Amino acid sequence: MKLLGIDLGGTKIAVCLGDETGTILSARRMPTLSPEGPPACLRRTADLARALLNEAGLSARDLAAVGIAAPGPVSLREGLMLRPPNMAGWINVPLVKWAEEAFGCPAYMNNDANACALAEYLYGSCRGTPNLVYLTMSTGLGAGIILGGRLIQGATDLAGEVGHHVLDLNGPPCPCGQRGCLEIYCGGMNVANRLRERIVAENIRTAILDEAGGDPAAIDFRGFLAAVKKNDPFALEAWDEYLERLAQGVGNVIMFLNPQVILMGTIAIHAGDLLLGPLRERVKRYAWAPSVEACRILPSALEGRIGELSALAVAAAGLGRTDKTVLP
Ligand SMILES: [Zn+2]
C-alpha cells in the first residue's frame, strides 16, 4: 500500500513515499520558506511529491492516502493548521482539503508531536509500548501521548501541549501570553534568546559567545551545548537551571500520565548523557518513586527519519491500516 508522507515544518518540508510498515521508498526535503505563504509553498510541495512519484514510476492514483505532520495547533475535525507560532501568516490553512484535491485520495493530518508519538509507537525502538510519551525537543517543546495504546487528542486537539504548562507564575513571559511556561525555560529557541539577552545586557564573557563567533545574534542552543561540554562556568550555571526546569516538566508528565517510556527528540539526542543522566536523577524530586521507577527516559532512535516516519504513521493510522488500533 503506497502512502505519501508530508512533514511540514517551520524551516523544512520533508516529502516521502512509503508504506504502512514504515518502509521509506524515497524521500526528499526542501526549505519551507514560510514567508512565501501557504499557496506558493503548497504548490512546491505538490511538485516535489509528483517528482517523487514520477521517479518511482507511479502516479497519484497509486496512493492509498496522504499523511501530514504539521506544527500545532491543528484542528483534526476541520483538517486545518490553525496558527503555528513560528509561521506568520499561516492561519487556518486547510491542509487536508488541499492534499485530497492535489492527490485524489484520502488525507490525514496531526500535529508534529502527536505524529512523532505515532511513529514511535508503530515503528520505533519501543514500538507497541502502550503507555508512551514522545517529547519534541527542538525549537519548541511538545508531547505526543499514547495511553492504553490510544493516541490522546483531547477535546480540541490540544492534549500534549506540555511546553505551555506553567512552572512558575512569576517566571519570564512566554510568547504564548502566559508566564513561566516549560517552553520558556527549555525550548531551544527561547533558551538561546534568553541567554543572548543576559550575555549582552550583563556583558558576560562566555564560551557561548565564542561558539557564535562573537556575534550575539548567532547564539544558538548548539553553541550552548558546546560551551557546557567545555565546562564554561556561565554555561554550566545556565545548564543547571535548564536541567532543573526540564526535570520539573518531565516529572509532572510522569506524575500525571504514569508512562512506561518517555522518548526525547533532538536536544536530548545531541546532548546524550549530559542531559539524560542528570534528568533521570532530578525527576525524582517531582514525581513519586513508583512512577519514576516505571518510566524509562530514552533518546529517540528514529532521529533523522522521524519526520518522514511521523507523516507515514499519520496516514497509516488514519486508514486504520496498522497492526494496532491507535486512534480513538
Ligand atoms: Zn507558553
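Now for a description of the structure that goes with this document. A quick note: this is a predicted structure, and the numbers were derived from the prediction, not measured. (Residues numbered from 1 in each chain as written. Predicted model: local features only at pLDDT ≥ 70, side-chain atom pairs only at ≥ 80, totals over all residues. Heavy atoms only, no water.)

1. Here's the deal with the overall build of the chain
Secondary structure summary: the chain contains 12 helices and 12 strands in total. Put simply, 61% of the contacts in the chain that link residues at least 6 apart link residues at least 24 apart. Of the accessible surface of the chain, which amounts to about 14,200 Å², a share of 53% is contributed by carbon and sulfur atoms. Here the chain carries 30 positive and 33 negative side-chain charges, and the mean point of each set is 3 Å from the other. (Helix = DSSP H or I, 4+ residues; strand = E, 2+ residues; numbered from the N terminus. Contact = heavy atoms within 4.5 Å. Areas by Shrake-Rupley, 256 points an atom, 1.4 Å probe, with all protein chains shown as cover. Lys, Arg positive; Asp, Glu negative; His and termini not counted. Charge placed at Lys NZ, Arg CZ, Asp CG, Glu CD.)

2. A short note on the packing of aromatic side chains
Scanning all chains against the criterion turns up five aromatic pairs. For the pair Phe224 and Trp239, a centre-to-centre distance of 5.8 Å together with 70° between the ring planes defines the contact as edge-to-face. Linking Phe224 in helix H7 (residues 221–229) with Trp239 in helix H8 (residues 233–257), this pair joins segments that are 15 residues apart in sequence. Under the relative-accessibility criterion, Trp239 is labelled buried at 4%. Linked through ring pairs, Phe221, Phe224, Trp239 and Tyr242 together constitute an aromatic cluster. In this arrangement the basic side chain of Arg245 is found over the ring face of Tyr185, its NZ or CZ atom lying 4.2 Å from the centre. (Phe/Tyr/Trp six-rings, centres within 6.5 Å; stacked < 30°, edge-to-face > 60°. Buried < 20%, exposed > 50% of the residue type's maximum accessible area, 1.4 Å probe, protein only. Lys NZ or Arg CZ within 6 Å of the ring centre and 35° of its normal.)

3. Description of empty space enclosed by the protein
Here the structure, examined in full by the defined rule, presents one cavity of 30 Å³ or more. If you add up the space inside the largest cavity, you get close to 30 Å³. Ile6, Leu8, Ile13, Leu42, Thr45, Ile68, Leu95 and Trp98 are the residues that line the largest cavity. Those elements giving two or more residues to the lining of the largest cavity turn out to be strand S1 (2–8), helix H1 (38–55) and helix H2 (95–103). (1 Å grid on protein atoms, 1.4 Å probe; cavity = no way out; pocket = protein on both sides within 12 Å on 5 of 7 lines; lining within 4 Å. Points joined across faces, edges and corners; volume = space filled by probe spheres on them.)

4. Let's talk about the pattern of salt bridges
Overall, the coordinates contain 15 salt bridges when judged by the stated rule. A salt bridge links Glu211 to Lys230; its shortest N-O distance comes to 2.6 Å. Note that Glu211 is positioned in helix H6 (residues 207–211) and Lys230 in the loop between H7 and H8, a separation of 19 residues in sequence. Judged by relative accessible area, Glu211 falls into the partly exposed class, the value being 23%. A residue is classified by how much of its surface remains accessible, and Lys230, at 55% relative accessible area, is exposed. Each of Glu211, Asp220, Arg222 and Lys230 takes part in a single network of salt bridges with overlapping partners. (Salt bridge = Lys/Arg side-chain N within 4 Å of Asp/Glu carboxyl O.)

5. Focus on the environment of Gly37
Tracing the backbone through its elements, the reader meets Gly37 in the loop between strand S3 (24–31) and H1. With relative accessibility at 12%, the residue Gly37 sits in the buried group. Through-space distance from the C-alpha of Gly37 to that of Arg245 is 35 Å; in sequence the pair is 208 residues apart.

6. Digging into the nonpolar core
Of all hydrophobic cores here, the largest spans 52 residues; its most connected members are Phe224, Trp239, Tyr242, Leu246, Val250, Met264 and Leu275. Sort the elements by how many residues they give to this core and H8 lands first, with 11 residues. For Leu246, the residues in contact, after removing those within four places along its chain, are Met137, Leu141, Leu182, Cys186, Met264, Leu275 and Leu279. The next biggest cluster of nonpolar side chains, apart from the first, holds 32 residues, and it includes Leu48, Leu63, Val66 and Ala70. (Core = buried A, V, L, I, M, F, W, Y, C linked by side-chain atoms within 4.5 Å.)

7. Observations concerning the state of the cysteines
Counted by the stated rule, this structure contains zero disulfides. In this structure Cys186 is not part of a disulfide, and its nearest cysteine sulfur, from Cys181, lies 11 Å away. (Disulfide = S-S within 2.5 Å.)

8. Let's talk about the side chain of Gln248
Residue placement: Gln248 occurs in helix H8. Among the polar contacts made by the side chain of Gln248, one reaches the side chain of Arg245 at a distance of 2.8 Å. Among residues more than four places away in sequence, those in contact with Gln248 are Leu167 and Tyr286. (Polar contact = N/O pair within 3.5 Å; in protein donor to acceptor, adjacent residues only side chain to side chain.)

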